[in-house]
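What follows is the residue order along each chain.
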Amino acid sequence: MAPVDWRQAWKKGSTPWDAGTSPPALDGLLARGQIPGGRILVPGCGTGYDLATLARSDREVVGLDLSHEARAAFLAAHSDLPGSVSYEVGDFFSYEPAEGFDFVWDYTFFCALDPEQRRGWSETMKRLVKPAGLLATLLFPFEDPISGREGPPWPINTGLVRSLIEDSFEELEVRQMEKTHPGREGRERLALWRRREL
Ligand SMILES: C[S@@+](CC[C@H](N)C(=O)[O-])C[C@H]1O[C@@H](n2cnc3c(N)ncnc32)[C@H](O)[C@@H]1O
């Protein structure tokens, strides 16, 4: 299957993954106080709902996506957010910020990547998350065992992510999500990982 041309999809306005709001799992993390202040990255943030949800006066929230159109959609919808919120257009795999992140939020980014890109995803996460920083992966579409269905979204599960990052991240918790976007019921798990100290 040919890899997805994400920039082209945004240009054409073909964005069937866009649920129009942040997922309930992110609200849950915020309500439980599990998201720290400091620097936060949302790779493959699309329209950027999660940037607005995460914005807080003691946070520096950075969204990253390949698409100028996605960034324009975010800027059109949000103007007066608390704290520092920026949206960078660029490639996750070659992203070189001046400083690492205290928290990285991945929702529908890992599952969107071609399987050949997964090793690069884990190496980049290891580079971008600060020692003792957190990585939250909201795994969708969760399958265990993983079927042969081709994506995106590619079926994923905790064991798959664990196998890619366990050398540098400690697994903190995994929970099945009761509340999800409509149509994603029963197919989301939230996994939290802490970057080991160097
Ligand atoms: C399935 S969409 C999910 C968007 C958003 N997370 C959401 O839930 O609506 C995947 C996003 O990842 C972006 N993307 C894909 N490859 C990327 C890369 N290498 N670097 C940055 N963004 C990328 C795409 O442009 C797209 O917006």
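Scroll up to find the structure this text is about.
Residues numbered from 1 in each chain as written. Predicted model: local features only at pLDDT ≥ 70, side-chain atom pairs only at ≥ 80, totals over all residues. Heavy atoms only, no water.

(A) Structural view of the layout of surface pockets. Each pocket or cavity is described by its volume, and for the largest pocket that value is around 870 Å³. Lining of the largest pocket is provided by 44 residues; of these, W6, W17, G44, T108 and A112 occupy positions nearest its centre. Among the elements of the structure, α1 (6–12), β1 (38–43), α3 (49–54) and β2 (59–65) are those that each provide at least two residues to the lining of the largest pocket. The leading source of residues in the lining of the largest pocket is α1, at 4 residues. Its residues assigned to classes, the lining of the largest pocket shows 25 nonpolar, 12 polar and 7 charged. (1 Å grid on protein atoms, 1.4 Å probe; cavity = no way out; pocket = protein on both sides within 12 Å on 5 of 7 lines; lining within 4 Å. Points joined across faces, edges and corners; volume = space filled by probe spheres on them. Helix = DSSP H or I, 4+ residues; strand = E, 2+ residues; numbered from the N terminus. Nonpolar A, V, L, I, M, F, W, Y, C, P; charged D, E, K, R; others polar.)

(B) Focus on the packing of aromatic side chains. Tallying each qualifying case throughout the model produces 8 aromatic pairs. Ring plane angle 35 degrees and centroid distance 6.3 Å describe the contact between W105 and Y107, whose orientation is recorded as tilted. Neither residue differs from the other here; W105 and Y107 are each classed as buried. Counting every residue linked through ring pairs, the aromatic cluster contains W6, W10 and W17. Over the aromatic face of F101 sits the side chain of R39, whose NZ or CZ is 4.3 Å from the ring centroid. The ring of F140 carries R184 above its face, with NZ or CZ at 4.8 Å from the centroid. (Phe/Tyr/Trp six-rings, centres within 6.5 Å; stacked < 30°, edge-to-face > 60°. Buried < 20%, exposed > 50% of the residue type's maximum accessible area, 1.4 Å probe, protein only. Lys NZ or Arg CZ within 6 Å of the ring centre and 35° of its normal.)

(C) Structural detail: the side chain of S168. Note on placement: S168 falls in the loop between α6 (158–165) and β6 (169–176). With a relative accessible area of 7%, S168 lands in the buried category. Excluding residues that lie within four positions of it along the chain, S168 makes contacts with K126, R194, R195 and R196. (Contact = heavy atoms within 4.5 Å.)

(D) Spotlight on the nonpolar core. Grouped together as the largest cluster of nonpolar side chains are 26 residues, with contacts concentrated most on L41, W121, L135 and I165. The set of elements that each furnish at least two residues to this core consists of β2, β4 (101–107), α5 (118–128), β5 (129–139), α6 and β7 (189–195). If one sorts the elements of this core by residue count, α6 sits on top with 4 residues. Once you skip the residues sitting within four places of it in the chain, L41 turns out to touch V62, L64, Y95, F101, F103, V104, W105 and L128. Counting residues in hydrophobic clusters, the runner-up holds 24 residues, among them A25, F74, L134 and L192. (Core = buried A, V, L, I, M, F, W, Y, C linked by side-chain atoms within 4.5 Å.)

So, to be careful, I would describe these as geometric facts and stop short of saying anything about function.
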